[in-house]
Amino acid sequence: FTPTNQIRLTNVAIVRLKKGGKRYEIACYRNKVLSWRNKLEKDIDEVLQTHTVFTNVSKGQVAKKEDLVKIFGTDNQTEICKEILEKGELQVSDKERHSQIDSLFKDIATTVADKCVNPETKRPYPVSIIEKAMKDTHFSVNVNRSAKQQALDVIQMIKKEIPLERAQMRVRITLGGKDAKKVIEKAVKLATSVEEENWESGTANIICLIDPGSFRNLDDMIRSDTKGHGQFELLNLKEMVEGEQTL
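Residues numbered from 1 in each chain as written. Predicted model: local features only at pLDDT ≥ 70, side-chain atom pairs only at ≥ 80, totals over all residues. Heavy atoms only, no water.

It is not clear to me how the overall build of the protein chain should be interpreted in this structure. Could you clarify?
Helix and strand content of the protein chain: 9 helices and 10 strands. Dimensions of the protein chain along its principal axes, counting C-alpha atoms only, are 80 × 45 × 30 Å. Scored against the burial criterion, the 247 residues of the protein chain give a buried share of 41%. Sequence-distant contacts in the protein chain: of pairs separated by 6 or more residues, those separated by 24 or more amount to 67%. Carbon and sulfur atoms make up 47% of the accessible area of the protein chain, which totals about 14,400 Å². Averaging the positions of the 41 positive and the 37 negative side-chain charges in the protein chain gives two centres separated by 5 Å. (Helix = DSSP H or I, 4+ residues; strand = E, 2+ residues; numbered from the N terminus. Buried < 20%, exposed > 50% of the residue type's maximum accessible area, 1.4 Å probe, protein only. Contact = heavy atoms within 4.5 Å. Areas by Shrake-Rupley, 256 points an atom, 1.4 Å probe, with all protein chains shown as cover. Lys, Arg positive; Asp, Glu negative; His and termini not counted. Charge placed at Lys NZ, Arg CZ, Asp CG, Glu CD.)

Looking at this structure, how should I read the packing of aromatic side chains?
Two descriptors summarise a pair of aromatic rings, namely the distance from one centre to the other and the angle between the planes of the rings. Applying the stated criterion across every chain yields a total of 2 aromatic pairs. Centre to centre, the rings of Y24 and F72 are 5.3 Å apart; their planes meet at 75°, and the pair counts as edge-to-face. With a gap of 48 residues between them, Y24 in strand β2 (residues 22–28) and F72 in helix α3 (residues 65–72) connect regions that are remote in the sequence. Here the two residues Y24 and F72 agree in accessibility, since each one is buried. Aromatic pair F215 and F232: ring centres 5.2 Å apart, planes at 40°, arrangement tilted. With F215 in helix α9 (residues 215–225) and F232 in strand β10 (residues 231–239), this pair connects stretches of sequence that are 17 residues apart. Note that R123 overlies the ring of F215, its terminal NZ or CZ placed 5.1 Å from the centroid. (Phe/Tyr/Trp six-rings, centres within 6.5 Å; stacked < 30°, edge-to-face > 60°. Lys NZ or Arg CZ within 6 Å of the ring centre and 35° of its normal.)

Is there a simple way to think about the pattern of salt bridges in this case?
Side chains that carry opposite charge are capable of pairing whenever their charged atoms lie near each other. All told, the structure shown has 14 salt bridges when counted by the stated rule. Linking K32 and E41 is a salt bridge whose minimum nitrogen-to-oxygen distance equals 3.1 Å. A relative accessible area of 25% means that K32 is categorised as partly exposed. Residue class for E41 comes out buried when judged on its relative accessible area of 14%. For E79, the salt bridge is made with K82, and the minimal N-O distance between the two is 3.8 Å. Within this pair, E79 and its partner K82 are both found in helix α4 (residues 77–87), separated by 3 residues, close to a single helical turn. The partly exposed category is assigned to K82, whose relative accessible area is 29%. (Salt bridge = Lys/Arg side-chain N within 4 Å of Asp/Glu carboxyl O.)

Would you explain the environment of R30 in this entry?
Secondary-structure assignment places R30 in the loop between β2 and α1 (33–37). Under the relative-accessibility criterion, R30 is labelled partly exposed at 34%. Note: C-alpha distance between R30 and S214 (184 residues apart in sequence) is 31 Å.

Can you help me understand the layout of surface pockets in this one?
Any space left empty among the atoms is revealed by the rolling of a water-sized probe across them. Empty space within the largest pocket amounts to approximately 340 Å³. Together, 16 residues line the largest pocket, and R30, N31, L34, S35 and Q100 are the ones closest to its centre. Listing elements by their share of the lining of the largest pocket, those giving two or more residues are α1 and α5 (94–115). Grouping the constituent residues of the lining of the largest pocket by class yields 7 nonpolar, 5 polar and 4 charged. (1 Å grid on protein atoms, 1.4 Å probe; cavity = no way out; pocket = protein on both sides within 12 Å on 5 of 7 lines; lining within 4 Å. Points joined across faces, edges and corners; volume = space filled by probe spheres on them. Nonpolar A, V, L, I, M, F, W, Y, C, P; charged D, E, K, R; others polar.)

Explanation requested: the packing of α5 against helix α6 (residues 127–136) in the structure shown.
Packed helices, taken two at a time, are described by the angle their axes make and the gap between the axes. The interhelical angle for the contact between α5 and α6, taken along N-to-C directions, is 120°, at an axis separation of 9 Å. Handedness of the crossing formed by α5 with α6: right-handed. In this structure, α5 uses F105, K106, I108, A109, T110, V112 and A113 to contact α6, whose residues at the interface are V127, I130, E131, M134 and K135. When grouped by side-chain class, the residues that make up the contact of α5 with α6 number 8 nonpolar, 1 polar and 3 charged. (Axes fitted to C-alpha atoms, helices over the stretch in contact; angles between N-to-C directions. Left-handed = near helix turned anticlockwise from the far one by under 90°.)

Structural data, given as structure tokens:
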């Protein structure tokens, strides 16, 4: 027997907001809160386990309608859930939080390594070097922001530790033979843009821009798919404009 004002939920992520001197909670799916906040998930039904506002999720205690009207100005549960989702604090255990921070730290370092080069060698850094520079500058991970957003901050911070610049690689791919078209199609998917594409006597000559992190994958792919007959060379670097916010 469960009282009518109680709802039992399992495997739940709780988002909590204190407002008007009271505590309100909503029950969400564990992996969806950050996706919603980063605008990757648009469907509120995928985020909320139930469109219900609680005073205590773990005890199943539902908030009173008159309190919601008084504090939120409405009794529309979905709209209140959205406000709590936006402004509230995601409750996680210490173990979960450490795991989340470690994972995000690695994602940020990988994003930076994929987008930047050492201007002295014109090559990307290994992820381990980026991680060390992040630790040396005492970078603090924010679990409420995506890896891409935080990577922009990291790039500015670790420039004090290691020579680093955002850049794309301008590369030339030269391929011939019956598989050339298929290999070029795969290569173009790894590029951010194609500047030139010429076909002469069955030989393809492509000049394109790639993220530094794609260099090795592209090199390996061309080497294996053409059995060493394709040519792949770095022409130069194209620096990204300072202040460009996209990653």
